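Each chain, letter by letter, is given below.
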Amino acid sequence: INNIPGGDVNIYAHSNIGINAPINTFGGDLYLTATESITHSVLGDITTAGGSYTGIFNYDPLLTGAYTMADDGLLDRTVIDVTGGTGTGVVTIQSTAGTGGNITISEILADTTSGAITLSTSGGAIEKVVGSTASYELVANQLLLYAATGIGNVDPLLTNVNDFGAINTGSGNI
């Protein structure tokens, strides 16, 4: 998807969303909502040039979904990049149902002076892709992580942030 500069993109799916090619909003915001999972291939990058990105998964409380980015362990990985342009570049990835699934990330980039990243799942963990090749998985001014079964429990998340907050409500480590 290549959007007209400055326009927003809204996609709602009563199922899974698979991102297998780049999405570029050129300053506009991107909203993806799936009743189940949102899954990126290594080619499924998101670039907003300062626009914000919101990925809502597991929207239906009767279904179970996850948010999954990809990394081939060599040179290619999914990148969500909201830097640049004149916007603040905010990333929000969230499970809205009570039994939310895991969030698995490869690389998310927001501006280090004004950008923010929030990852939230009420029933799962926040982990990086096994074999991640990113120097830092999360880059932003502000970072908030909220999970129920661990944050970086399998392998620590590498971050470059100014302000950091994390809450784990159940099992697993931070």
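Our structure's up above, just so we're on the same page.
What counts, and at which threshold
- Residues numbered from 1 in each chain as written.
- Predicted model: local features only at pLDDT ≥ 70, side-chain atom pairs only at ≥ 80, totals over all residues.
- Heavy atoms only, no water.
- Salt bridge = Lys/Arg side-chain N within 4 Å of Asp/Glu carboxyl O.
- Buried < 20%, exposed > 50% of the residue type's maximum accessible area, 1.4 Å probe, protein only.
- Helix = DSSP H or I, 4+ residues; strand = E, 2+ residues; numbered from the N terminus.
- Pairing = 2+ DSSP bridges.

Caption draft 1: Structural context of the pattern of salt bridges. For the coordinates displayed, the defined rule picks out three salt bridges. A salt bridge links Lys-128 to Glu-137; the nearest nitrogen and oxygen atoms lie 3.6 Å apart. For Lys-128, a relative accessible area of 11% corresponds to the buried category. Judged by relative accessible area, which is 1%, Glu-137 ranks as buried. Notably, a salt bridge pairs Asp-155 with Lys-128, separated by 3.6 Å at the nearest N-O pair. Taken as a pair, Asp-155 in the loop between β15 (138–147) and β16 (159–168) and Lys-128 in strand β14 (residues 126–128) lie far apart in primary sequence, 27 residues in all. The exposure class assigned to Asp-155 is partly exposed, which follows from its relative accessible area of 34%.

Caption draft 2: How the structure looks around the pairing of strand β4 (residues 30–34). Taking burial as the measure, the five residues of β4 include four buried ones, the bulk of the element. Taken together, the five bridges between strand β1 (residues 9–13) and β4 define a ladder with parallel strand orientation. Note on β4: the bridge partner recorded for Asn-10 is Tyr-31. One ladder, built from four bridges, connects β4 with strand β7 (residues 53–57); its direction is parallel. The residue of β7 that forms the bridge with Tyr-31 is Thr-54.

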